[in-house]
Amino acid sequence: MSTLLNPSSETRIRGGLKVLTDRFNVAELTQAGKQLLLPMVGILIFLGFWHLAAPQVNTSLGTFPGPVQVWEQSGQLWQEHLNQRERADKFVTMQEERNARILAEDPNAKVKIRGYPGAPTFLDQIATSLVTVMAGFLLATAIAVPLGIVLGLNRHLQAAINPLIQIFKPVSPLAWLPLVTMVVSATYVSDDPMFEKSFLTSMITVTLCSLWPTLINTGVGVAAVNPDLLNVSRVLQLSFWTHVRKVVLPSSIPIIFTGLRVSLGIAWMVLIAAEMLAQSPGLGKFVWDEFQNGSSQSLSRIMAAVLAIGFIGFVLDRIMLVIQKKIAWNE
Amino acid sequence: MTKPHLELTGVEMAFDTPKGSFVALDNINLKIKKGEFVSLIGHSGCGKSTVLNIVAGLLQASKGGCILDGHEINAPGPERAVVFQNHALMPWLTVYENVELAVQQVFRKTLTKQERRSWIHHNLELVNMAHAANKRPGEISGGMAQRVGIARALAMKPSVLLMDEPFGALDALTRAHLQDSLMSIQQDLNNTVIMITHDVDEAVLLSDRIIMMTNGPAAAVGEDLYINLERPRNRVTLADDPTYVHYRQEVLKFLYEKQRKLENIAPHRNKKATSATTNPSAQTAKI
Ligand SMILES: Nc1ncnc2c1ncn2[C@@H]1O[C@H](COP(=O)(O)OP(=O)(O)O)[C@@H](O)[C@H]1O
Ligand SMILES: [Mg+2]
């Protein structure tokens, strides 16, 4: 059989391939240039349009902010964050010094350690939102993937559950929110709560709204495993767990990931809405507070938040894509 | 009289279809001895795969049954390894891992890790695929993947090896090579083989016995031809052997005279078969 591929022809093929790849690099570069150039042009046209159109829109809080104002306001938000941090650091050092003094006088004295009481900055709100969305999304994944596997493996169960999925899938977060809030306040009673109630409310709302695409895709992916591979599994008499781990999951990973990406996108959108409505800390609350505040800068600050929300959503999707490429075999 | 190794008795297979019940097989009776190499031949759609799947336990016969070494077959198991028509390798596992999955399952308790590893390599070498151990099925040709499928089945040390047109997708040279390896492997291991084929020469060269099936629906065993040719067999010398030529003739007569298909694909098949007449010598001359 080894005579089938004679070595000299093989090296010739390799050599040919190398020349090809070299040429490809040049082509790739121009390709990459084009890929970068066109989006840049798109963004510039958008900025120009925005810049020209914004002054035409008059609101009770002044004219609609253009890109320049939003840019300045973003710098402002950053500066506020830095100032706040500095004050917080000072507060902590002073507190430590005071406590050290008290302890030096009386080693048995009880010292109090308090958190800095200042309001959260724009960046703090972003961090809160990110933590909440990740928690909600992970919980949704932890529910949707195993449930989807079970549904995909059992046609009867799938038929029984499918109507429920179809009904709950289109429910808006705004409809869930009051129910979740009430249930959380009623059931989550503890003297030393590990989580804030507002955090739990936002997180559970995110979970309820975002688990459907993952659930549906997992079910479809699991049910669509190549029948030949299922036969191999049967001939090998793989146990249920081995069958799921070695055959079902790897086969459906690509389609599960498609669902996960849609879910994460929904989770992020839902979170902002939930935070706005429930007044729980996060980017949504930032937007709402600025709206209530109604100063001349509010619109620029809200616009900065809008852009930040969009950009973070984009980055989250890219991260999922990277993870998918790492895990899925068909990429 | 000794009990047969593998016995099919009164096997009938009816499929439920939207148009009602479709009887694919009707009263199939077969007794197969240990170590026998049996080919199933018949026109496309007559029910060969169905017979094989019933022996594999992947399908349950509607009537009658199948007994292996005194036990009724009603579920699949690794002692009846299957080589599938389209290799059926897990695309996310490497060639090595695909064989490993089977070896792990069958020899987890009886072989050490080191022994399993060398057993996997041994089987990959049998089919000349050791060089691609770390490739994924998507990175190798269909023929190579089929060889890995065979290695995986052999690695289970099955008492019955079931093969559904295993060489159908391979080029002539690869096919000849694999047929020769299969013959020698089968002589060493002495496992029972049931192989489905479309290729008359392949059937005569490899088999101890050729089961010819009538056209469906309600297909049955048409003729049962024993091939009394000395082993080891050599395709070059056999090409002009009168007994060999006679057996070929028998099978061709069954397929193209007694069970002629009244479809327009029939003439095409005939042409293919006549060109195959000159094939064995042509193939072997190149090796
Ligand atoms: N699951 C099934 N449902 C309905 N009909 C089937 C099914 N499997 C096979 N058949 C029919 O049974 C007949 C025999 O099929 P098969 O065993 O695959 O033929 P072969 O392998 O000889 O080409 C064909 O007519 C096919 O359409
Ligand atoms: Mg078939």
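Some remarks on empty space enclosed by the protein
Residues and elements named next belong to chain B.
Okay, so step 1: Within this structure, the stated rule accounts for 2 cavities of 30 Å³ or more.
Okay, so step 2: Volume-wise, the second largest cavity comes out at about 30 Å³.
Okay, so step 3: Considering the residues around the second largest cavity, the lining is formed by Val127, Ile150, Leu154, Phe167, Leu178, Ser181, Leu182 and Ile185.
Okay, so step 4: The set of elements that each furnish at least two residues to the lining of the second largest cavity consists of helix 4 (142–155) and helix 5 (172–189).
Okay, so step 5: It is helix 5 that provides the largest number of residues to the lining of the second largest cavity, a total of 4 residues.

Concerning the site of ligand 1
Residues and elements named next belong to chain B.
Okay, so step 1: Around ligand 1, the neighbouring residues are Phe15, Thr17, Phe22, Ala24, Ser44, Gly45, Cys46, Gly47, Lys48, Ser49 and Thr50.
Okay, so step 2: Between Lys48 and ligand 1, the recorded distance is 2.8 Å, taken from a backbone N or O atom to an oxygen atom.
Okay, so step 3: For ligand 1, the accessible surface in isolation is 560 Å², of which the surrounding protein chains cover 61%.
Okay, so step 4: Secondary-structure elements contributing two or more residues to the shell around ligand 1 are strand 1 (6–17), strand 2 (20–32) and helix 1 (48–56).
Okay, so step 5: The biggest single contributor to the shell around ligand 1 is helix 1, with 3 residues.

What about the pattern of salt bridges?
Okay, so step 1: Evaluation of the coordinates by the stated rule reveals 15 salt bridges over all chains.
Okay, so step 2: Asp317 of chain A is paired through a salt bridge with Arg261 of chain A; the nearest N and O atoms lie 3.1 Å apart. A residue pair is termed long-range when its members are at least 10 positions apart, and Asp317 of chain A in helix 10 (residues 298–327) and Arg261 of chain A in helix 8 (residues 240–278) qualify at 56 residues.
Okay, so step 3: By relative accessible area, Arg261 of chain A is classed as partly exposed at 26%.
Okay, so step 4: Of the charged contacts in the structure, one is a salt bridge between Glu79 of chain B and Arg80 of chain B, with a shortest N-O distance of 2.9 Å.

Here's the deal with the interface of chain B and chain A
How big an interface is tends to be expressed through the accessible area that disappears when the partners come together.
Okay, so step 1: The partner chain A presents 17 residues to the 26 residues of chain B that form the contact.
Okay, so step 2: One can count 0 salt bridges joining chain B with chain A.
Okay, so step 3: Summed over the shared surface of chain B and chain A, the number is 4 residue pairs in polar contact (both at pLDDT 80 or more).
Okay, so step 4: Secondary-structure elements contributing two or more residues to the side of chain B that touches chain A are strand 6 (80–83), helix 2 (95–107), helix 4 and helix 5 of chain B.
Okay, so step 5: Partitioning the side of chain B that touches chain A into residue classes produces 15 nonpolar, 7 polar and 4 charged.

Some details on the confidence of the model for chain A
Okay, so step 1: Averaged over every residue, the pLDDT of chain A is 87; residues scoring 70 or more account for 92%.
Okay, so step 2: Considering each helix and strand of chain A separately, the mean pLDDT is smallest for helix 1 (residues 7–53) of chain A, with a value of 73, and largest for helix 7 (residues 227–235) of chain A, with 96.

What about the packing of helix 9 (residues 283–293) of chain A against helix 10 of chain A?
All names here are of chain A.
Okay, so step 1: Relative to each other, helix 9 and helix 10 sit at 165°, their axes nearing to 9 Å. Relative to helix 10, the element helix 9 lies roughly antiparallel. Helix 10 is crossed by helix 9, and the crossing has left-handed handedness. Between helix 9 and helix 10, the contacting residues are Leu283, Phe286, Val287, Glu290, Phe291 and Asn293 on the first element and Ser298, Arg301, Ile302, Ala305, Ile309 and Ile312 on the second.
Okay, so step 2: Partitioning the contact of helix 9 with helix 10 into residue classes produces 8 nonpolar, 2 polar and 2 charged.

Structural notes on the side chain of His43 of chain B
Okay, so step 1: The residue His43 of chain B is located in the loop between strand 3 (37–41) and helix 1 in this model.
Okay, so step 2: On the basis of relative accessible area, His43 of chain B is assigned to the buried category, the value being 4%.

Looking at the packing of aromatic side chains
Okay, so step 1: Applying the stated criterion to the full structure yields 10 aromatic pairs over all chains.
Okay, so step 2: Geometrically, the ring pair formed by Trp288 of chain A and Phe291 of chain A is tilted, given 5.6 Å between the ring centres and 50° between the ring planes. On the criterion of helical spacing, the pair formed by Trp288 of chain A and Phe291 of chain A is a turn pair, its members being 3 residues apart in helix 9.
Okay, so step 3: A residue is classified by how much of its surface remains accessible, and Trp288 of chain A, at 28% relative accessible area, is partly exposed.
Okay, so step 4: When the ring of Phe311 of chain A is compared with that of Phe314 of chain A, the centres are 6.4 Å apart and the planes differ by 40°; the resulting orientation is tilted. Of this pair, Phe311 of chain A and Phe314 of chain A both sit in helix 10, 3 residues apart, which is roughly one turn of that helix.
Okay, so step 5: Under the relative-accessibility criterion, Phe311 of chain A is labelled exposed at 56%.
Okay, so step 6: Site record: aromatic cluster; members linked through ring pairs are Phe168, Trp176 and Trp212 of chain A.
Okay, so step 7: Taking the ring centre of Trp119 of chain B as reference, the NZ or CZ of Lys157 of chain B above it sits at 5.0 Å.

Notes on the domain arrangement of chain A
Okay, so step 1: Considered domain by domain, chain A is made up of domain 1 (2–51) and domain 2 (122–327).
Okay, so step 2: Taking only C-alpha atoms, the centre of domain 1 of chain A and the centre of domain 2 of chain A are 36 Å apart.

A short note on the nonpolar core
Okay, so step 1: Ranked by size, the top nonpolar core spans 97 residues in total, and within it Leu6, Leu8, Leu124, Leu161, Ile210 and Val251 of chain B carry the most contacts.
Okay, so step 2: Excluding its chain neighbours within four sequence positions, the residues that come into contact with Leu124 of chain B are Val95, Tyr96, Val99, Met129, Ala130, Ala133 and Ala151 of chain B.
Okay, so step 3: The next biggest cluster of nonpolar side chains, apart from the first, holds 44 residues, and it includes Trp50, Val145, Trp176 and Ala308 of chain A.

Observations regarding the pairing of strand 1 of chain B
Residues and elements named next belong to chain B.
Okay, so step 1: Bridge analysis of strand 1 against strand 2 gives 9 bridges, and the strand direction is antiparallel. Within strand 2, the residue paired with Phe15 across the bridge is Phe22.
Okay, so step 2: The turn joining strand 1 and strand 2, which pair antiparallel and follow one another in sequence, is formed by 2 residues.
Okay, so step 3: As defined by bridge partners, strand 1 adjoins strand 4 (residues 63–68) across 5 bridges and the pair is classed as antiparallel. The partner of Glu7 across the bridge, within strand 4, is Ile67.

Concerning the sheet that holds strand 6 of chain B
All names here are of chain B.
Okay, so step 1: Ordered by their spatial adjacency, 6 strands build an open sheet running 6-7-8-3-9-10, and the pairing between neighbours is mixed. Sheet topology places strand 6 and strand 10 (221–226) at the edges, where each strand pairs with a single neighbour. On average, adjacent strands in this sheet sit at an angle of 15° to one another, irrespective of strand direction.
Okay, so step 2: Two strands pair when backbone bridges link them, and strand 7 (residues 160–164) and strand 8 (residues 192–197) are joined in this way by 5 bridges, in the parallel orientation. Bridge pairing links Leu161 to Val193 in strand 8.
Okay, so step 3: Running at roughly 150° to strand 7, helix 1 makes contact with strand 3, strand 6, strand 7, strand 8 and strand 9 (209–213) of the sheet.
Okay, so step 4: Where helix 4 meets the sheet, its contacts fall on strand 6 and strand 7, and the angle it forms with strand 6 comes to roughly 180°.

What counts, and at which threshold
- Residues numbered from 1 in each chain as written.
- Chains lettered and ligands numbered in written order.
- Predicted model: local features only at pLDDT ≥ 70, side-chain atom pairs only at ≥ 80, totals over all residues.
- Heavy atoms only, no water.
- 1 Å grid on protein atoms, 1.4 Å probe; cavity = no way out; pocket = protein on both sides within 12 Å on 5 of 7 lines; lining within 4 Å.
- Points joined across faces, edges and corners; volume = space filled by probe spheres on them.
- Helix = DSSP H or I, 4+ residues; strand = E, 2+ residues; numbered from the N terminus.
- Near = heavy atom within 4 Å.
- Polar contact = N/O pair within 3.5 Å; in protein donor to acceptor, adjacent residues only side chain to side chain.
- Areas by Shrake-Rupley, 256 points an atom, 1.4 Å probe, with all protein chains shown as cover.
- Salt bridge = Lys/Arg side-chain N within 4 Å of Asp/Glu carboxyl O.
- Buried < 20%, exposed > 50% of the residue type's maximum accessible area, 1.4 Å probe, protein only.
- Contact = heavy atoms within 4.5 Å.
- Nonpolar A, V, L, I, M, F, W, Y, C, P; charged D, E, K, R; others polar.
- pLDDT = per-residue confidence, 0-100.
- Axes fitted to C-alpha atoms, helices over the stretch in contact; angles between N-to-C directions.
- Parallel < 35°, antiparallel > 145°, perpendicular 65-115°, else oblique.
- Left-handed = near helix turned anticlockwise from the far one by under 90°.
- Phe/Tyr/Trp six-rings, centres within 6.5 Å; stacked < 30°, edge-to-face > 60°.
- Lys NZ or Arg CZ within 6 Å of the ring centre and 35° of its normal.
- Domains from an automatic or database assignment.
- Core = buried A, V, L, I, M, F, W, Y, C linked by side-chain atoms within 4.5 Å.
- Pairing = 2+ DSSP bridges.

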